[in-house]
Amino acid sequence: MIKSLAEHRKALQVEYARLCDHAKSANLSKYYVEQTTRWATGGWKMYLDFVVLHLPVSPRGMVVMDYGCGAGMLSVILFELGAAKYVGVDVLPQLAEISALHDKNWDLMTIVSVDHGYIAAQPTSIDIVIANEVISHVNPRDLPTVYQEWGRIVRPGGCVFISDGNNHNDKVYTSGQLADLYDAIENGPDGRPFGNPPSNPVIRCYYNARRALIGKQWFPGVFTSSEVDDLARNTAGMWGHHIRREVQRYIDTGVLIKRPWRPGQAPMVPTNGVVQERTFYPEQVALSLQAEGFTAYAKTTNTRRPPAWSGDTTPWSYPTSNFQIVAIKN
């Protein structure tokens, strides 16, 4: 018998509380305890109401890919709504701890890796891809590959559903809160609070992270402090071997190609190339997916009504910076 939405909600609250207790009793790492606590104390409601209930098709009986799965917490909602299989994707999935956490449903779960956008999944093996608050963190170089891979793995008639809070059309957001976030993450100083109201401190800004990589880890004793400062300031938007190559070029030639951070530029993690809250024109994302064989459109209004399958016709209000992309594979 198919449950009502109220019954699903009640069951989800119980299951997320169980997962939280299980993470603690199994002595899982701090990350998993924090994640299960956040979801058990109400975080699951946001994902249900603002993401899963807005899928264009029901997950019942479907193979659903959670792109950017983290600890796999979304699987609980998907299985409660009848998904047949959950495929989690992340850059460095921690298989041992994910399997230990999700012991109840592990036989229905597969966790795969993604490397520079390439996904370890077979063609037409996925019914639904969910990418919630993920594309704004993908390195811009890799994002076309991600779209290409979605076009390869989603079956005809299947869908990609993107939900993100970084709509470049919302100038109030991009020029205010996001501008402050970018500046704090890139320039610091370390410990600087950000947000609206400011609350979360920057542990180490990316300028200081590049200083440490260049002056301490990679080239200790080679440069003066002012040279390290100059090199760190002028390798913004670069990461890993790209930074190291530019520094070596400077050693070999004495010439530094200057790449200072520009206001409005999404900061990039110096070690792995992950970007922080990159913004998008939603129509641009839809067009990119159309080029990969999808019929895609953007939902950008601040009030949306879930599809009929969800059994809930109440409109949900979103921040104007939020957008969603619905893409159906041709």
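The sections below set out a description of the structure shown in this document. Everything quoted here is computed from the prediction, not taken from an experiment.

Each value, and the rule that gives it
- Every chain begins its residue count from 1, and numbering advances along the sequence as written.
- This being a predicted model, a pLDDT of at least 70 is required before a residue's local features are given, and a value of 80 or more before pairs of side-chain atoms are given or counted; all residues contribute to the totals for chains, interfaces and linings.
- Derived side-chain values reflect all non-hydrogen atoms in the structure, with water molecules and hydrogen atoms excluded from consideration.
- The working definition used for a salt bridge is a side-chain nitrogen of Lys or Arg within 4 Å of a carboxyl oxygen of Asp or Glu.
- Only DSSP runs of H or I covering at least 4 residues are called helices, and only runs of E covering at least 2 are called strands; the numbering of each starts at the N terminus.
- To sort residues, take the accessible area from a 1.4 Å probe on protein chains only and compare it with the maximum for the residue type: under 20% means buried, over 50% means exposed, and anything in between is partly exposed.
- Lining residues are those with an atom within 4 Å of a point, where the points come from a 1 Å grid over the protein atoms alone and group into cavities, where a 1.4 Å probe fits but cannot get out, or pockets, open sets with protein on both sides within 12 Å along at least five of seven lines.
- Grid points are joined across faces, edges and corners, and a volume is the space filled by probe spheres set on the points.
- Polarity classes work like this: nonpolar for Ala, Val, Leu, Ile, Met, Phe, Trp, Tyr, Cys and Pro, charged for Asp, Glu, Lys and Arg, and polar for all others, with Gly in that last group.
- Should any heavy atoms of two residues lie within 4.5 Å, those residues are considered in contact.
- Each residue after the first adds 1.5 Å to the expected span of a helix.
- Note: the arc covers the axis-to-C-beta directions of the helix.
- Interaxial angles span 0 to 180 degrees and are taken between N-to-C directions of axes, which are lines fitted to C-alpha atoms, for helices over the stretch in contact.
- Crossing handedness is read from the near helix: turned anticlockwise from the far helix by less than a right angle, it gives a left-handed crossing, and turned clockwise, a right-handed one.
- Aromatic pairing here means that ring centres of Phe, Tyr or Trp (its six-membered ring) are within 6.5 Å. Orientation follows from the plane angle: under 30 degrees is stacked, over 60 is edge-to-face, and everything else is tilted.
- Note on criteria: charge over ring means Lys NZ or Arg CZ within 6 Å of the ring centre, with the direction from the centre no more than 35 degrees off the ring normal.
- By this definition, two strands are paired if DSSP reports at least two bridges between them.

**Description of the pattern of salt bridges**
Consideration 1: Taken as a whole and judged by the stated rule, the model has 16 salt bridges.
Consideration 2: Note that lysine 3 and glutamate 80 form a salt bridge whose closest N and O atoms lie 2.8 Å from each other. Residue lysine 3 is located in the segment before helix H1 (5-25), and its partner glutamate 80 is located in helix H3 (residues 74-80); the two are separated by 77 residues in the primary sequence.
Consideration 3: Look at lysine 3 and you get partly exposed, because its relative accessible area is 37%.
Consideration 4: For glutamate 80, a relative accessible area of 19% corresponds to the buried category.

**Points about empty space enclosed by the protein**
Consideration 1: Going through the model one piece at a time under the given rule, you end up with one cavity of 30 Å³ or more.
Consideration 2: Looking at the largest cavity, the residues that line it are Glu15, Arg18, Leu19, Ser75, Val76, Phe79, His102, Lys104, Asn105 and Met109.
Consideration 3: When its residues are assigned to classes, the lining of the largest cavity shows four nonpolar, three polar and three charged.

**Here's the deal with the environment of leucine 108**
Consideration 1: Within the secondary structure, leucine 108 is located in the loop between helix H4 (95-101) and strand E3 (109-115).
Consideration 2: With 129 residues separating them in the primary sequence, leucine 108 and glycine 237 have C-alpha atoms 39 Å apart.
Consideration 3: For leucine 108, the residues in contact, after removing those within four places along its chain, are Phe79, Ala84, Lys85 and Tyr86.

**Things to note about H1**
Consideration 1: Here H1 contains 21 residues, and its C-alpha end-to-end distance of 30 Å stays within 8% of the 30 Å for a straight helix at 1.5 Å per residue.
Consideration 2: Turning to H1, its buried residues number three or more, namely Leu5, His8, Leu12, Glu15, Tyr16, Leu19, Cys20, His22 and Ala23. Along H1, the residues classed as buried sweep out an arc of 160° about the axis, all on the same side. Facing away from the buried side of H1, by more than 90 degrees, are the exposed residues Ala6, Lys10, Val14, Asp21 and Ser25.
Consideration 3: At its buried positions, H1 is contacted by helix H2 (30-50), H3 and H4.
Consideration 4: Directly after H1, the chain includes asparagine 27, whose backbone phi takes a positive value near 55°.

**Section: the environment of isoleucine 185**
Consideration 1: Position of isoleucine 185 among the secondary structure elements: in helix H7 (residues 177-187).
Consideration 2: On the accessibility criterion, isoleucine 185 (9% relative accessible area) is buried.
Consideration 3: For the pair isoleucine 185 and methionine 268, spaced 83 residues apart in sequence, the C-alpha to C-alpha distance is 9.1 Å.
Consideration 4: In this view, isoleucine 185 contacts Val202, Cys205, Tyr206, Pro267 and Gln276; residues no more than four positions away in its chain are not counted.

**Topic: the packing of helix H8 (residues 206-218) against helix H10 (residues 241-253)**
Consideration 1: Orientation of H8 relative to H10, taken along the N-to-C sense of each, is 60°, at an axis distance of 11 Å. Regarding H8 and H10, the two cross each other, and that crossing is right-handed. Listed contacts from H10 to Arg210, Ile214 and Trp218 of H8 are Ile243, Arg244 and Val247.
Consideration 2: When grouped by side-chain class, the residues that make up the contact of H8 with H10 number four nonpolar, no polar and two charged.

**Things to note about the packing of aromatic side chains**
Consideration 1: By the definition in use, this model includes eight aromatic pairs.
Consideration 2: A centroid spacing of 5.4 Å and a plane angle of 90° characterise the contact between tyrosine 67 and tryptophan 150, whose relative ring orientation is edge-to-face. You can see tyrosine 67 sitting in strand E1 (residues 63-67) and its partner tryptophan 150 sitting in helix H5 (residues 143-153), a full 83 residues away along the chain. Residues tyrosine 67 and tryptophan 150 agree in their burial class; the two are buried.
Consideration 3: Above the face of the phenylalanine 294 ring, lysine 329 is positioned so that its terminal group lies 5.9 Å from the ring centre.

**Re the sheet that holds strand E9 (residues 294-299)**
Consideration 1: Read from one edge of the open sheet, eight strands run E4-E3-E2-E1-E5-E6-E12-E9, paired in mixed fashion. Looking at which strands have only one partner, the edges of the open sheet turn out to be strand E4 (118-119) and E9.
Consideration 2: Sheet topology note: the strand E2 (residues 85-90)/E3 ladder contains five bridges and is parallel. The partner of tyrosine 86 across the bridge, within E3, is methionine 109.
Consideration 3: Here helix H11 (residues 282-290) sits on the sheet and contacts strand E6 (154-164), E9 and strand E12 (323-329); the angle it forms with E9, its principal contact strand, is near 170°.

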